[in-house]
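Architecture at a glance
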Amino acid sequence: MSEWETVKGHFLDLGLRDLHKCFNLTGPQMQHIAEKFHQAMLRGLTEQKGPLKMLPSFFNIPTGEESGVFLSIDFGGTNVRVSLVQLLGQGKIRVLKKISAFLKDPGGSYDYTAATATGGELFGFLAEQIAELIGVGETIPLGLTFSFPTEMQALNKAVLIGWTKEFNTLLTVGKDVNLLLHEALQERGLYGIKPVAVINDTVGTLMTAAYSNPRADIGSICGTGHNTCYLERQPPQEPHPMIINIESGNFNRLPANKYDRYLDLHSEKPGEQMLEKMVSGRYLGALMRLVLLGLIRKGCLFQGVSRKMVDFLSQAKNLDAEHISLVLGDNSPGFGETAVWLKDATGARDLAQHELQALKIIATLLTTRAARLVAATYAGVLGRLDPRLKRPHIIAIDGSLYEKMPGFASHLEKGLDEILQNSSRQVRLKLVKDGSGMGAAIAAAVAVAPG
Ligand code: GLC
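Next up on the list: the packing of aromatic side chains. Taken as a whole and judged by the stated rule, the model has 16 aromatic pairs. Geometrically, the ring pair formed by Tyr110 and Phe125 is tilted, given 5.4 Å between the ring centres and 45° between the ring planes. You can see Tyr110 sitting in the loop between β4 (92-102) and α3 (119-134) and its partner Phe125 sitting in helix α3, a full 15 residues away along the chain. Judged by its relative accessible area of 8%, Phe125 falls in the buried class. A cation over a ring is seen here: Lys165 above Phe148, with NZ or CZ 4.5 Å from the ring centre. Over the face of the ring belonging to Tyr283 we find Arg282, whose NZ or CZ atom lies 5.8 Å from the ring centre.

This brings us to the sheet that holds strand β13 (residues 427-431). Picture the strands of a sheet paired through backbone hydrogen bonds; they go either parallel or antiparallel. Across the sheet, 6 strands lie side by side as β1-β11-β10-β9-β12-β13; this open sheet has mixed pairing. Lying at the two open borders of the sheet, with one neighbouring strand each, are β1 (55-56) and β13. Where strand β9 (residues 216-222) lies against strand β12 (residues 393-398), 5 bridges are found, and the strand directions are parallel. Opposite Ile218, over in β12, you have Ile395 as the bridge partner. Strands in contact with helix α5 (residues 201-212) are β9, β10 (226-232), β11 (242-245) and β12; relative to β9, the strand with the most contacts, it is inclined by about 135°. Contacting β9, β10, β12 and β13, helix α12 (residues 353-385) crosses the sheet at an angle of about 15° to β10.

This paragraph deals with the packing of helix α8 (residues 281-297) against α12. The packing of two helices is summarised by the inter-axis angle and the distance between the axes. One way to put it is that α8 packs onto α12 with a least axis distance of 11 Å and a crossing angle of 135°. When the axes of α8 and α12 are compared, the pair comes out oblique. The two elements α8 and α12 cross, and the hand of that crossing is right-handed. Listed contacts from α12 to Leu284, Leu287, Met288, Val291, Leu292 and Leu295 of α8 are Leu359, Ile362, Ala363, Leu366, Thr367 and Arg369. Grouping the amino acids of the contact of α8 with α12 by side-chain chemistry returns 10 nonpolar, 1 polar and 1 charged.

Take the pattern of salt bridges next. The tally for this structure, following the rule as stated, stands at 15 salt bridges. Among the ionic pairs, Lys258 bridges to Asp18, the shortest N-O distance being 3.9 Å. A residue pair is termed long-range when its members are at least 10 positions apart, and Lys258 in helix α6 (residues 258-265) and Asp18 in helix α1 (residues 3-23) qualify at 240 residues. The exposure class assigned to Asp18 is partly exposed, which follows from its relative accessible area of 27%. As a salt-bridge pair, Arg369 and Asp260 come within 2.8 Å of each other at their nearest N and O atoms. Note that Arg369 is positioned in helix α12 and Asp260 in helix α6, a separation of 109 residues in sequence. Accessibility assignment for this pair places Arg369 and Asp260 in one class, buried. Several salt bridges share partner residues, and in doing so they unite Asp18, Lys258 and Lys298 into one network.

Rules used throughout
Residues numbered from 1 in each chain as written. Predicted model: local features only at pLDDT ≥ 70, side-chain atom pairs only at ≥ 80, totals over all residues. Heavy atoms only, no water. Phe/Tyr/Trp six-rings, centres within 6.5 Å; stacked < 30°, edge-to-face > 60°. Helix = DSSP H or I, 4+ residues; strand = E, 2+ residues; numbered from the N terminus. Buried < 20%, exposed > 50% of the residue type's maximum accessible area, 1.4 Å probe, protein only. Lys NZ or Arg CZ within 6 Å of the ring centre and 35° of its normal. Pairing = 2+ DSSP bridges. Contact = heavy atoms within 4.5 Å. Axes fitted to C-alpha atoms, helices over the stretch in contact; angles between N-to-C directions. Parallel < 35°, antiparallel > 145°, perpendicular 65-115°, else oblique. Left-handed = near helix turned anticlockwise from the far one by under 90°. Nonpolar A, V, L, I, M, F, W, Y, C, P; charged D, E, K, R; others polar. Salt bridge = Lys/Arg side-chain N within 4 Å of Asp/Glu carboxyl O.

Here it is in structure tokens:
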């Protein structure tokens, strides 16, 4: 390394140290967040106030013996998935057919997630996917996983409280989303498809895990968005145990730094979903772009090619959670995969090794903090469920971050171990792939069961 390289490296080093201070989350901080989260849950449950909405789902966990054939629609991330599912009882599930479609056309011809579409159009699109999977003329109960905060008024009546994850489809807030689906099905002649149940994706994940293992009592999504639900044994207004959708992405007693504040200020809904903006796939790319732009402006990174890099990083679509995955998973000599990505995308050649390494360090800082924040909230939920951890618990998790982001799952587990210490052996984290969608079929089975 030349002397100049060393000096540049030194600046970068200082920049990274500063970032470490911004994004590092200590054990005591996690403990503190866990306690605050627990308190916020109690407040949401008893007073319906504070950042946690604690929304009743009206569902208990399933017995594992529900059976039959059901349709499920999983809506709430980048795509919609429709599946025909057979529940076989004894915790066994078989997917008979499935399709998925983007809610936003990568080619730009439609976008059902933005204010360019109405709720009617969005649900029309969902109904078309159903028609494509099973055709008109079938009679079958359907469960809808709708991954946004809704006020449940019955098993099949869910009023959208507000969009999250930067969705903005018109004429949907305040409406019963199941009715919108029902109307769209009728309009397309799908008279035999009966939308009998609506659930949140966290609830679907928990129901899927509990279908085969009754120890599952927490469900969570770590993907485009982030949220957790749990089985509340004594809901204040109900005589029976019920799954509660915490809407934990809106938790806000958190150590936000200048990047978090900037991101929040420039989001669709400033002041809302603070936890989600710090931990979920929808926002991690934006955080990384802000951090990199900051380092470039300070002259710590990409000096010879700063113009190209600034142009590149100024566009949201150029760096998302998948690129962070690529950087984190790049174990090639000299970070070759990261170099190829950046060269192809920006034209910048000969990026220095220590700069590519810096990218990996930053990606690690962001995702480690995300995983530790999530761990702290899980500890908060366990505090409500079983403060002394006398029983075993399974936390069922679905979502691309948990499944695919290198290091995320292990940091989450380590973070939880750090908070719970010896009692952590009572808690197991479990990946429940496509749990959110399968859960809709189970919910439909519960809804149509006699009694
Ligand atoms: C957002 C939604 C929430 C959902 C989560 C994961 O936080 O508000 O309902 O569960 O994303 O998809």
